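Structural features, examined
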Amino acid sequence: MYDNEHRRMVFFTQADEKSIASKSPPVWKLYVAIDGKEPQRIKTGLPEQNIECSSTAWQDETGWHLSFIGQDATNNYRLYRMDGETLIQLSQPVSIRRARTGFIYQDRFAVGELQD
């Protein structure tokens, strides 16, 4: 995707380097790469040991909007949403509902569980 400044934006999930180094199961975190530059971690505010994956993002006249699946404090997975004028100014994640997979993109809302 491209932002309003026509820069190429790639949102993705990457295993956290600390979990790889400790040889424990990987902890996946959200990242963005802008115009091929070094990827930057998207700070969600979730605890470091919690998984973040399946990001979907878009930009409109109000700013950036990001949805993702994240692990909550009780080890369940939930669909979260964050909004802000810039990617650096994203709000704290708002839990939308329990879901193992899903996304929000503009007026589209999709969720699923393992049996779906």
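The preceding data block contains the structure.
Residues numbered from 1 in each chain as written. Predicted model: local features only at pLDDT ≥ 70, side-chain atom pairs only at ≥ 80, totals over all residues. Heavy atoms only, no water.

1. Structural notes on the sheet that holds strand S4 (residues 52-60)
Test applied: Two strands qualify as a pair provided DSSP detects at least 2 bridges between them. A run of DSSP states H or I qualifies as a helix once it reaches four residues; a run of E qualifies as a strand once it reaches two. Both are numbered from the N-terminal end. Only the stretch in contact is used when a helix axis is fitted, and all axes are lines through C-alpha atoms; the angle between N-to-C directions ranges over 0 to 180 degrees.
Pairing is antiparallel in the open sheet, where four strands are placed in the order S4-S5-S6-S7. Of all strands in the sheet, those with a lone pairing partner are S4 and strand S7 (94-98), marking the two edges. Each adjacent strand pair in this sheet contributes to an overall mean axis angle of 20°, direction not counted. Sheet topology note: the strand S5 (residues 63-71)/strand S6 (residues 77-84) ladder contains eight bridges and is antiparallel. Each residue of the ladder has a partner; that of Ser67, found in S6, is Arg81.

2. Let's talk about the sheet that holds strand S1 (residues 9-15)
Pairing between the strands of a sheet is mediated by backbone hydrogen bonds and can be parallel or antiparallel. Spatially, three strands are ordered S1-S2-S3 in an open sheet, and the strand pairing comes out antiparallel. Here the strands that pair on one side only, and so sit at the sheet edges, are S1 and strand S3 (40-41). Pairing geometry for S1 and strand S2 (residues 28-34), over seven bridges, is antiparallel. Residue Gln14 lies in a different strand from S2, and its bridge partner there is Lys29.

3. Re the pattern of salt bridges
As a working rule, side chains carrying opposite charge can pair if their charged atoms are close by. To keep things clear, this is the line we draw: Should a side-chain nitrogen of Lys or Arg be within 4 Å of a carboxyl oxygen of Asp or Glu, the pair is scored as a salt bridge. Note on exposure labels: buried denotes an accessible area under 20% of the residue type's maximum, exposed denotes more than 50%, and partly exposed covers the range between, all computed with a 1.4 Å probe on protein chains only.
By the definition in use, this model includes six salt bridges. A salt bridge links Arg41 to Glu52; the shortest N-O distance between them is 3.8 Å. Of this pair, Arg41 sits in strand S3 while Glu52 sits in strand S4, placing them eleven residues apart in sequence. Residue class for Glu52 comes out buried when judged on its relative accessible area of 0%. Between Asp83 and Arg81 there is a salt bridge, with its nearest N and O atoms 3.0 Å apart. Through salt bridges with shared partners, a single network forms among Lys29, Arg41, Glu48 and Glu52.

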